[in-house]
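Residues per chain are reported as follows:
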Amino acid sequence: MNLSPATKSYLLGDLLSKVSRSFYLTLAVLPVSVRTQVGLAYLFARAADTITDTDLIEQSERIAHLKNFQKLFTMDTIDWEIVKSIQVTMVSHQELSSERILLERLEDCFLVYLECELSDRSRINGLMTTLTKGMEMDLKLFQGGTTENPLPLKTQEDLNRYIYYVAGCVGEYWTSLMCTHLSSLNNWDIQQMSSIGINFGKGLQLTNIVKDIAKDLRRGRCYIPASILRTAGLSPNDILQPESWPSFQPILNKLIRQAVEYLDQGWEYTMAIPRSEIRLRLACMWPILLGGETLKLVQNSPSLLNPDCQVKITRGCVYKIISLTTITGGSGFVGSIYWKKLYNQLAKT
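The rules behind these values
- Throughout this document, residue positions are counted from 1 along each chain, in the order its sequence is written.
- Side-chain atom pairs in this predicted model are given and counted only at pLDDT of 80 or more, local residue features only at pLDDT of at least 70, and totals for whole chains, interfaces and linings cover all residues.
- To obtain the side-chain values, all non-hydrogen atoms of the structure were included, while hydrogens and water were left out.
- Elements are defined by DSSP. Helices are runs of H or I of four residues or more, strands are runs of E of two residues or more, and each kind is numbered from the N terminus.
- Radius of gyration: over C-alpha atoms. The globule rule applied is 2.2 Å multiplied by the number of residues raised to the 0.38 power.
- To sort residues, take the accessible area from a 1.4 Å probe on protein chains only and compare it with the maximum for the residue type: under 20% means buried, over 50% means exposed, and anything in between is partly exposed.
- By definition in these notes, contact holds between two residues if any of their heavy atoms fall within 4.5 Å.
- Reported accessibility uses the Shrake-Rupley method at a 1.4 Å probe radius. Residues are deemed covered only where the shown protein chains occlude them.
- Note that His is not counted, nor are the chain ends; the positive residues are Lys and Arg, and the negative ones are Asp and Glu.
- By convention, the point assigned to a charge is CZ for Arg, NZ for Lys, CD for Glu and CG for Asp.
- Axis lines are fitted to C-alpha atoms, over the contacting stretch for helices. Their N-to-C directions set the angle, which ranges from 0 to 180 degrees.
- Each crossing is labelled by how the near helix is turned from the far one, with a counterclockwise turn of less than a right angle marking it left-handed and a clockwise turn marking it right-handed.
- Each residue is assigned to one of three groups, with Ala, Val, Leu, Ile, Met, Phe, Trp, Tyr, Cys and Pro labelled nonpolar, Asp, Glu, Lys and Arg labelled charged, and all others, Gly among them, labelled polar.
- Any Lys or Arg side-chain nitrogen located within 4 Å of an Asp or Glu carboxyl oxygen qualifies as a salt bridge.
- For a helix, the expected span equals 1.5 Å multiplied by the number of residues minus one.
- Pairing of N or O atoms within 3.5 Å defines a polar contact, subject to two protein rules: one partner must be a possible hydrogen donor and the other a possible acceptor, and residues neighboring in sequence count only if both atoms are side-chain atoms.

Colleague: Just checking my understanding: could you explain the overall build of the chain for this structure?
Modeller: Across its full length, the chain holds 16 helices and two strands. For 349 residues, the compact-globule estimate of 2.2 N^0.38 gives 20 Å, and the chain sits close to it at 20 Å. Across its three principal axes, the chain shows a C-alpha extent of roughly 60 × 50 × 35 Å. Counting the 349 residues in the chain, one finds 53% classified as buried. Here the contacts in the chain between residues at least 6 apart in sequence split such that 75% fall between residues at least 24 apart. About 15,900 Å² of surface is accessible on the chain, with carbon and sulfur atoms providing 52% of the total. Side chains of the chain carry 36 positive and 34 negative charges; the gap between the two charge centres is 6 Å.

So, in structure tokens, the structure goes:
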């Protein structure tokens, strides 16, 4: 089937607007030449995440479906029976309409994917193969974890590997994609910028981990390695106990510092984007500045370890960041003042 550009744009835009309005709006700021590839990567990653998190399905069955989904990105053609099997098993168990719609329309995603250039498909294949390894880690390493007995990652190496699988690899994908389709980046050293991009992604994921500590513990998962907790005489069960806070806070501060150092590399990455690529600059500036504001909330939140309280920056803060950076045309000077202020507040924790 040959889809016209208008049809591809409609299918992808319509689905993204239903699955994630915020990502749909963010996608609109990117250069036109890369929107389809980034949009597809997001939808496929979101689908894999939905398979992983459908708790009403047995864990072993979710692993099997995740492996089958991964297999779709290693084949020359699409096995539509695998797609249908995932839909039949998963769709009826989705509480969120956005996730149900996404799974119902997986065929549309793959139809658009099949119309992409081979090099773009290859990049998506590599990305999805790596991302799903991280999701397999979630399902296998935390199998048997409960609210009463959360299971931790074992070592710092496990944490590093995990955040690469689920976010760092996105930096590699992003760098390769942009350098291929944007002539303004012809002078970039792809290998060097990919390495920086990996840390950019890892910083965003580490921010999510510290923000969601309590929520993840309630799900039986502790992303803070047992080896780190032992240095303070703690176990995952101890973290939510009020009396453990003085021992846990230095660990939290160390993780915040690591996240902000990664995000600072993300800022270096962003400032290497030519000023003429305003759209690309903005698409990189926003998650870094929003991540910094989130880390500031984590640092100061009295409710961080309350699973019923969500650590989330205000809509006003989001609008302020978007407005300031957009009005100034992605100015490195203005954006860097904002970022360095956040960095200095966080790096000294």
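Colleague: What is the right way to look at the environment of leucine 290 in this model?
Modeller: Turning to its location among the elements, leucine 290 is positioned in helix 14 (residues 278–300). With 158 residues separating them in the primary sequence, leucine 290 and threonine 132 have C-alpha atoms 26 Å apart. In this view, leucine 290 contacts Ile313, Val318 and Ile321; residues no more than four positions away in its chain are not counted.

Colleague: What exactly am I supposed to notice about the packing of helix 10 (residues 190–211) against helix 13 (residues 245–271) here?
Modeller: Relative orientation and spacing of two packed helices are given, respectively, by the angle between their axes and the distance between those axes. For the pair helix 10 and helix 13, interaxial distance at closest approach is 7 Å and the crossing angle is 145°. Handedness of the helix 10/helix 13 crossing: left-handed. Residues Met193, Ile196, Gly197, Asn199, Phe200, Lys202, Gly203, Leu204, Leu206, Thr207 and Val210 of helix 10 form the contact with helix 13, whose participating residues are Leu252, Leu255, Gln258, Ala259, Tyr262, Leu263, Gln265, Gly266, Glu268, Tyr269 and Thr270. Residue composition of the contact of helix 10 with helix 13, grouped by class: twelve nonpolar, eight polar and two charged.

Colleague: Looking at this structure, how should I read the pattern of salt bridges?
Modeller: Side-chain pairs of opposite charge can arise where the charged atoms are in close proximity. Using the criterion set out here, one finds 15 salt bridges in the structure. For aspartate 55, the salt bridge identified is with arginine 62, shortest N-O distance 3.3 Å. Of the charged contacts, one joins glutamate 293 and lysine 296 as a salt bridge, the two residues approaching to 3.4 Å between their closest N and O atoms. On the criterion of helical spacing, the pair formed by glutamate 293 and lysine 296 is a turn pair, its members being three residues apart in helix 14. By relative accessible area, glutamate 293 is classed as buried at 8%. Ionic contacts of the salt-bridge type, sharing partners, join the residues Asp14, Lys18, Arg105 and Asp108 into one network.

Colleague: Would you mind showing me how to read the environment of glutamate 104 here?
Modeller: Within the secondary structure, glutamate 104 is located in helix 6 (residues 97–104). A relative accessible area of 41% places glutamate 104 in the partly exposed class. For the pair glutamate 104 and cysteine 284, spaced 180 residues apart in the sequence, the C-alpha separation amounts to 31 Å. Not counting the four nearest positions on each side in its chain, glutamate 104 is found in contact with Gln87 and Val91.

Colleague: How should I be thinking about helix 10 in this particular structure?
Modeller: In an α-helix, one turn spans 3.6 residues, which is why side chains three or four residues apart end up on the same side. Its 22 residues place the ends of helix 10 31 Å apart at the C-alpha level, agreeing with the 32 Å of an ideal helix rising 1.5 Å per residue. Counted residue by residue, helix 10 has 16 buried out of 22 residues, so it is predominantly covered. Where helix 10 begins, the capping side chain belongs to aspartate 189, and its oxygen is found 3.2 Å from the backbone nitrogen of glutamine 191.

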